[in-house]
Amino acid sequence: MNLKRSLVFAAFIALGAVPILTASCHKDHSNPTAPMTFYDTLGGTAMVNDPAHPGTMIEKGRLGLRTVVDSAIFIIAGDTAINGYFTVLLSEVGQGNLSGFQALSKNLTDFLCVATGAKDFAYTGKNMTDAHNPSANARINMKVAGDDFDEFVVDVAASAKKNGLTDAMISRVGALLNSLKTTVVQR
Ligand code: HEM
């Protein structure tokens, strides 16, 4: 399988039938006084069918974030400005090995779930400093430059737009990512 076909395949597996994200006012009903989090705005804990795993359910907020993450990985893989950081991943996928893609999808989704206020998930990956330091993470080729960070945010925003997030939600995602810039950018 060539690289492009492999990536299409990976995205197909990951996304299933791409759901269109809609805003929701669902919130934590176990604690009605809790303020509405960004995760709630994205759909929160309402259970919906998981299109990537027929017969299983997933929180709507998590599904929305996972959809944005998987589609962002696909966009970044085709973005020659920054895909040079991801050659380990691209080489694996090119050989039909999706394990690294699935691990990255899970870690990024967990990270964003927690960062947006989800209560039912935990992030178990590397901290943001180690994840983006080639000395601590052999899966990244080099330390991230500031301009490349900005391009990454552009790609994530494009993914969010493609998957139906409103401009207000996209701004919130952008602000969240940008708040981590000084940790991720290490040169
Ligand atoms: C705020 C923005 C970002 C967040 C929240 C983020 C988050 C993450 C997370 C959670 C991981 C997985 C860590 C693990 O495996 O334990 C990761 C890995 C990685 N990140 Fe980032 N990241 C950000 C920005 C960037 C940027 C700007 C680049 C490069 C332009 C980048 C390149 C990578 C690479 C190459 C990996 C390894 C991928 C792999 O496992 O194959 N990240 N990042």
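Rules and cut-offs
- Residues numbered from 1 in each chain as written.
- Predicted model: local features only at pLDDT ≥ 70, side-chain atom pairs only at ≥ 80, totals over all residues.
- Helix = DSSP H or I, 4+ residues; strand = E, 2+ residues; numbered from the N terminus.
- Expected span 1.5 Å × (residues − 1).
- Buried ≥ 20, exposed ≤ 12 C-beta atoms within 10 Å, placed from the backbone.
- Near = placed C-beta within 6 Å.
- Nonpolar A, V, L, I, M, F, W, Y, C, P; charged D, E, K, R; others polar.
- Core = buried A, V, L, I, M, F, W, Y, C linked by C-beta atoms within 7 Å.
- Contact = placed C-beta atoms within 7 Å.

Account for helix H5 (residues 99–116), with residues named and values stated.
With 18 residues, H5 should cover 26 Å at 1.5 Å per step; its first-to-last C-alpha distance of 26 Å lies within 8% of that length. Among all positions of H5, only Phe101, Leu108, Thr109, Asp110, Leu112, Cys113 and Thr116 are buried. Gly117 sits one or two positions beyond H5 and adopts a positive phi of about 110°.

Describe the environment of Pro51, listing the residues and the values that go with them.
Within the fold, Pro51 resides in the loop between strand E1 (47–49) and strand E2 (57–59). A C-alpha to C-alpha distance of 9.0 Å links Pro51 and Leu63, two positions 12 residues apart in sequence.

So what's going on with the site of the ligand? Residues and values would help.
Lining the immediate environment of the ligand, one finds 23 residues, of which Leu89, Gly125, Lys126, Arg139 and Phe152 sit closest. Sorting the residues of the shell around the ligand by element identifies helix H4 (87–94), H5 and helix H7 (146–162) as the ones contributing at least two each. Top contributing element to the shell around the ligand by residue count: H5, with 5 residues. The residue inventory of the shell around the ligand, partitioned by class, reads 16 nonpolar, 4 polar and 3 charged.

I'd like a rundown of the nonpolar core, residues and numbers included.
The biggest cluster of nonpolar side chains holds 27 residues, and the ones touching the most others in it are Val69 and Ile73. Elements supplying a minimum of two residues to this core: helix H3 (60–77), H4, H5 and H7. In terms of residues, this core owes the most to one element, H3, which gives 8 residues. In contact with Ile73, not counting residues within four places along its chain, are Phe101, Leu104 and Ser105.

Can you tell me about H3, naming the residues and giving the values?
Helix length check: H3, at 18 residues, gives a terminal C-alpha distance of 26 Å against a target of 26 Å (1.5 Å per residue), a fit within 8%. For H3, the tally of buried residues reaches 17 of 18 residues, placing the bulk of the element in the interior.

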